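Survey of secondary and tertiary structure
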Amino acid sequence: MNSLSECHEIEGCPGLFIDAFRGSMLKKTSDSNNIFILSHYHGDHYQSLPKSFKYQGPALIHCTPVTAALLRDIHEVPSSFVVQHNYAETWEVGNKTKITFYDANHCPGAAIIVVELLNGDVHLHCGDMRYTPLMKEYPLLRSACRRQKVDVVYLDSTYGHPKHNFCSQVEAVDQISAAVENEFKTSNSTLILLSCYSIGKEKVLRECSRRACQKILVPDRKYRMLKCCGEDMKIYTLDSAKTDIHVIPMGLAGEIWPYFRPNYGSCRDYAEKLKRKHYTKVIAFIPTGWANSSKWNQKNSIVSNSVPYQGGKRIEIEIRLVSYSEHSPFTELLDFVSFLKPRKVIPTVFSDKNDRNKILNHFRNLVDHTRAKQQFFVPMKRDAPRPVSAKSLSNPTKKGKLDIAPKRSIEEIECDELQDTTKLKNLIDMGFLETAAKEALKVHHGHVEAAIEHLLNGASLKQSNKSVPEDGSLEHSIQVNVTTNQTTKESIANFFPPRHAK
């Protein structure tokens, strides 16, 4: 999750912070008036939250019951600072703002957060999520969509680019568990390794246990975490002699980023340490959404090698990438945002400013352009210069100059500067180059619609026809960029409808 404050602070809700436990935002926990929410218990979300009873608040941390148990028992946050709320339970903060958690279909206890403002607008913070059509049936989301009141969506954009398209969780779980079941039908000397995070991918573990009729070996810390999650502990064990299916940390069987690199040696070393049983083969599964992210990963989704083993023998190591993820693929994100039809999308996962703008461009046609346009002009209408009165024109000063307007205060000047900054930011968000946007606003004296027409005619969109896609096809690259350019023009045309000739 990106560290920018816009990903953690909710518009119109000062003092409300989501997954904001690092840097200057963590310091705000010293104010008891601030409200902190932890969407789920993954390290990139609890970040620098002090462990081992070192958290002193006094700001309270709100979360689901499962996340609360993990905070208390694993992270060791004092219970007095942890407040739990069930899914679909609405609670209020400060200025009558209402907050509701719904199941994010991510890891145990993960929540998407619905924030209802006093004026009826609804913000949605997705934390981390795997979209499912059931989310369209969440009462508050369904109601807000029907009333066209979904305002800002803070979107889990982990896979916010078209190249990230993978199968459903059901298909991926079946693929892994079926392979495990079939292997044990033909061999009793194969070790199965399942790559997992501290929590997450429990669906894979449960189904493998059921179909193979074996328990799952997990590390001690994960065993304690699974207890906090309310898992059926009968299928898990801490004794390696009781099962041939073992959970290993993500990364042990191979690195995924920036491309898949298997680690046969680590898998061999793990098997050698299990001296109670002699294995002749190891199959390691890496369930990840990055399995299909490149042609290299797709081509090398199943790799194997025979490596030296104990006693001068050799052991076969097979490593498989499977496109199982607890984040939404690109197509599912499109479906969700299309359903929500928000005024604005804020991606929460991106590498840099350019990546953020590319993600925004993918969802630009799915937002409510009418409300976006209205919101765009609010500060301009509020801060518009006052008209010159007829009286001031007919009463020149003693020096013979027109008394057009009173001397402007520093506050008024700063307000205008802020307005100009807002215009520039919106143009950049639309996909225009910053330097070109500045020049267009300057030429047209801050008139936004004229500046946009100028930029479109000048073809200064923030797209590059020089980039070549992974398949190396320059022709495809040009085609994609032409399409993107046309789509952006259509989007902005919808944003600012053409004026009828008089």
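The notes below deal with the structure included here. Since we're looking at a predicted model, the values are computed, not measured.

Things to note about the packing of helix α3 (residues 65-75) against helix α7 (residues 220-228)
- At their nearest, the axes of α3 and α7 sit 9 Å apart, and the two run at 140 degrees to each other. For the element pair α3 / α7, the angle class is oblique. As α3 packs across α7, the resulting crossing turns out to be right-handed. From α3, Val66, Ala69, Leu70, Asp73 and Ile74 reach across to α7, where they touch Arg221, Arg224, Met225 and Cys228.
- Looking at the contact of α3 with α7 residue by residue, the classes come out as 6 nonpolar, no polar and 3 charged.

Comments concerning the sheet that holds strand β4 (residues 82-84)
- One open sheet holds the 4 strands; their spatial order is β1-β2-β3-β4, and the pairing between them is parallel. Whereas interior strands pair on both sides, the edge strands pair on one side only; in this sheet they are β1 (16-18) and β4. Each neighbouring strand pair of the sheet contributes to a mean axis angle of 30 degrees, computed without reference to strand direction.
- With 3 bridges connecting them, strand β3 (residues 60-63) and β4 associate as parallel partners. Note that in β4 the partner of His62 across the bridge is Val83.

Quick look at the sheet that holds strand β9 (residues 150-155)
- What the 6 strands build is an open sheet, ordered β5-β6-β7-β8-β9-β19; its pairing is mixed. Taken across any chain shown, the strands that pair with only one partner, and hence form the sheet edges, are β5 (90-93) and β19 (344-347). Here the strands of the sheet are splayed against their neighbours by 20 degrees on average, with no regard to which way each runs.
- Examined bridge by bridge, β5 and strand β6 (residues 97-103) share 4 bridges and lie antiparallel to one another. Among the inter-strand pairings, Val93 is bridged to a residue of β6, identified as Thr97.
- Strands β8 (122-125), β9 and β19 of the sheet are contacted by helix α10 (residues 330-340), whose axis makes an angle of about 160 degrees with β9.

Analysis parameters
- Residues numbered from 1 in each chain as written.
- Predicted model: local features only at pLDDT ≥ 70, side-chain atom pairs only at ≥ 80, totals over all residues.
- Heavy atoms only, no water.
- Axes fitted to C-alpha atoms, helices over the stretch in contact; angles between N-to-C directions.
- Helix = DSSP H or I, 4+ residues; strand = E, 2+ residues; numbered from the N terminus.
- Parallel < 35°, antiparallel > 145°, perpendicular 65-115°, else oblique.
- Left-handed = near helix turned anticlockwise from the far one by under 90°.
- Contact = heavy atoms within 4.5 Å.
- Nonpolar A, V, L, I, M, F, W, Y, C, P; charged D, E, K, R; others polar.
- Pairing = 2+ DSSP bridges.

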